[in-house]
Amino acid sequence: MTDVNPDDPEKLFDGHRDHLPVETSGPSNGVSAALTMGELEARVRAGLHSGFGLFGHDGIICTADFKPVCGLIAPLRWMRRNDGSGYGMEVAFGTRDGVVARMVFDNSELDGRRVIARLADSGFSLLGAPTDFKQLLRAWPDLRVDLRADHAGWLETPSGEIYMRPDGTSFEEAPCAASQAILVSPRPAQKAGTLTGWQEAVAGSALGNELLMFGICATLSAPLLKLADLQTTMFHFYGQGPIGKSHLLAVAASTDRSPRLRQSWTVDTDRLEEQLAQSCDGMLDFDCLSENPSSQLLGRLTGLGDEAVSGGATWIWRGVRLSTGERPLANLLVRNRKIVPAAMMSRIIDITADIGPHGALQTLHGHDDGDAFLVAMRQAMRAHHGHLMPAFIDAINQDRSDIIGALPQQIATTIGSILDRAELPADVCTGSRREALRRFALVAIAGEMAIARGLLPWPGGSAIAAVSSVTGRWRFGQDTAAAPNDMLLRLRAFIDQNRHSLVWIDDASPTERADPGRGWQDDQFVYLTKDQLETILPLRDAIPGLVKQRIVVPGGERNSWTYRMGRQFEHRPRYYRFRKDLRVWKV
């Protein structure tokens, strides 16, 4: 094993998690079905070619002159893209733990040592010369060539279009199509419990909680995006403090996988690319967007809103993204001097999450408080997850052609229904806003499809009702930058109403100056705390514009919009300083 070099710089598939077995089920055939050690040994005996043999009962492959080469390993198939590039191989091999694992690697990787290192890391035994091992694999006879899938989601095969799941299983209209494609970078299947258990314990608890229902329906809408000729959709749920935003993402994720597999916005670039590939035509969720994002993260934000992110094979990362944070995404981008084109805002949709008596929750289904409700749902999601999305994909695949034909009219009709239910103004249904409404409509349609097929245990019409209510909370350009007059009127009203409670600095007592929550004034300025300003307007988003209009006057400190009070204040606290001169308050 002295030739094994795990630090070889040769490039792998981006983020390929080859150390985990690839589990396959459903429509797969004998090539991709799970193998036992006995079946693997039989496949090896049948496939070994001239110059190699399987000797003894120890499962050791040797050369013709009895030199050990390696443990049990059998190439299963070659793969390549539709254009003939990207040749690779899938192999099955025995591990030191006595189980059969799988790996996919590029043909070009066999010229180096990286494949050997990856196999060794997965528990495979290499016992002889690497050159013998490479000859063993490359000369294996009678291997068929299948289609290489670099990403999950919809994929064209010679026998028709299929839907490739992130774990490598496939759903298809043509019965023979699924076995002809192999996913390069699969993740292990993530299922627990049963669909019935999830329906009763998770979906049942979500009923009546509109944001939880919306998250489930939004996840189901992901495989419909291509059928509706739509690209990326990103729903960003914002609100101050722990109001249940993360729980919303967990419930949505449980439809497809383990609710524990959620991502932070701080994920590195390579890992993000892997996740985008695995979630193409699916759902990817990001929790806890930073209040002060790095420039790299801001670039990712704008990139996720683009219609396409190209990989090495120039495919499209299409899917639904669910995100949470303290602030609307649009305001965060504006505050950091990022241009937010209208087309982008049709795909990045801000929704307030603080909607009910329990934050993001509206009903607790008999639990004493919100914490008890959340604990019960978390336990239910740990016990039951990963069933709804595969069942939904299988269902829509049976009627795929009919769905494609009906979607345009369904979307138009549903938009009209949403506008009526949400009581939105007529001018919302124009330009980029209409594109956003098409995405809301698709979420409602997905939910109603699942209800009609018995996959969601909700009354008919409840999905569109929940989506309509959430759409009514959609922040479509209602930020402070878009309504400066309204912002200034509210600010002036607050100062006028509280003018008598704003203490004159020169007349203040030491006790008054020690009060950190008190507002101040002098002949030229009014001084307000951050907490006071938060009750009036979105502070972080409004201040830069107010400074530009010379209404807010900072103290000259670098990277700060505040003013540090004079030495008559013991700790010299910082306040936001507003001019009293109404001539600069152009309303």
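Residues numbered from 1 in each chain as written. Predicted model: local features only at pLDDT ≥ 70, side-chain atom pairs only at ≥ 80, totals over all residues. Heavy atoms only, no water.

### Quick word on the packing of helix α14 (residues 431–452) against helix α15 (residues 462–471)
- At a minimum axis separation of 8 Å, α14 and α15 run at an interaxial angle of 155°. Here α14 lies roughly antiparallel to α15, going by the angle between them. Like other packed secondary-structure pairs, α14 and α15 cross with a definite hand, here right-handed. Judged by residue contacts, Leu437, Phe440, Val443, Ala444, Gly447, Glu448 and Ile451 of α14 engage Ser462, Ala463, Ile464, Val467 and Thr471 from α15. (Axes fitted to C-alpha atoms, helices over the stretch in contact; angles between N-to-C directions. Helix = DSSP H or I, 4+ residues; strand = E, 2+ residues; numbered from the N terminus. Parallel < 35°, antiparallel > 145°, perpendicular 65-115°, else oblique. Left-handed = near helix turned anticlockwise from the far one by under 90°. Contact = heavy atoms within 4.5 Å.)

### Quick look at the confidence of the model for the protein chain
- Residues of the protein chain with pLDDT of at least 70 account for 81%, and the chain-wide mean is 82.
- Under a pLDDT of 50 for its full length, residues 307–315 has, in the predicted model, 16 contacts with residues more than four places off or in other chains. (pLDDT = per-residue confidence, 0-100.)

### Some points on the sheet that holds strand β3 (residues 68–70)
- Reading across from one edge, β1-β2-β3 is the order of the three strands in this open sheet, with antiparallel pairing throughout. Two strands bound the open sheet, and with one partner strand each, they are β1 (52–55) and β3. The average angle at which neighbouring strand axes cross in this sheet is 45°, direction not considered.
- Looking at chain direction, strand β2 (residues 60–63) and β3 are connected through two bridges and run antiparallel. Note that in β3 the partner of Cys62 across the bridge is Pro68.
- Against the sheet, helix α3 (residues 130–138) touches β1, β2 and β3, its axis set at about 60° to β3. (Pairing = 2+ DSSP bridges.)

### So, the pattern of salt bridges
- Within the structure shown, the criterion is met by 24 salt bridges.
- Between Arg77 and Asp146 there is a salt bridge, with the nearest N and O atoms lying 2.8 Å from each other. Here the residue Arg77 occupies a position in strand β4 (residues 73–80), and Asp146 occupies one in strand β7 (residues 145–149), the gap between them amounting to 69 residues. Both residues of the pair, Arg77 and Asp146, belong to the buried class.
- Between Arg318 and Asp281 there is a salt bridge whose closest N-O contact spans 2.6 Å. Pair noted here: Arg318 is in the loop between α8 (295–305) and β15 (320–325) and Asp281 is in the loop between α7 (269–278) and β14 (283–289), with a separation of 37 residues, a long-range link. Of the two residues, Arg318 and Asp281, neither departs from the other in class, the shared state being buried. (Salt bridge = Lys/Arg side-chain N within 4 Å of Asp/Glu carboxyl O. Buried < 20%, exposed > 50% of the residue type's maximum accessible area, 1.4 Å probe, protein only.)

### Remarks on the sheet that holds strand β18 (residues 520–521)
- Within the open sheet, the five strands sit side by side as β17-β18-β19-β21-β20. Their pairing is mixed. Because the sheet does not close on itself, it has two edges, and the strands there are β17 (503–504) and β20 (563–564).
- Sheet analysis places β20 next to strand β21 (residues 574–579), joined by two bridges and oriented antiparallel. In the strand pairing of β21, Arg564 is matched with Arg574.

### Let's talk about helix α4 (residues 195–206)
- All buried positions along α4 are accounted for by Gly197, Trp198, Gln199, Val202, Ala203, Ser205 and Ala206.
- Residues of α4 that are buried make contact with α5 (210–221), α6 (245–254), α11 (370–383) and α12 (388–398).
- Among the residues trailing α4, Gly208 stands out with phi positive, at a value near 95°.

### Some points on unusual backbone geometry
- In this structure, Asp142 is a non-glycine residue whose phi angle is positive, near 60°.
- Summarising the element assignment, Asp142 is placed in the loop between α3 and β7.
- Given a relative accessible area of 79%, Asp142 falls into the exposed group.
- Of note, Cys288 is a non-glycine position whose phi angle comes to about 60°, a positive value.
- Relative to the helices and strands, Cys288 resides in strand β14.

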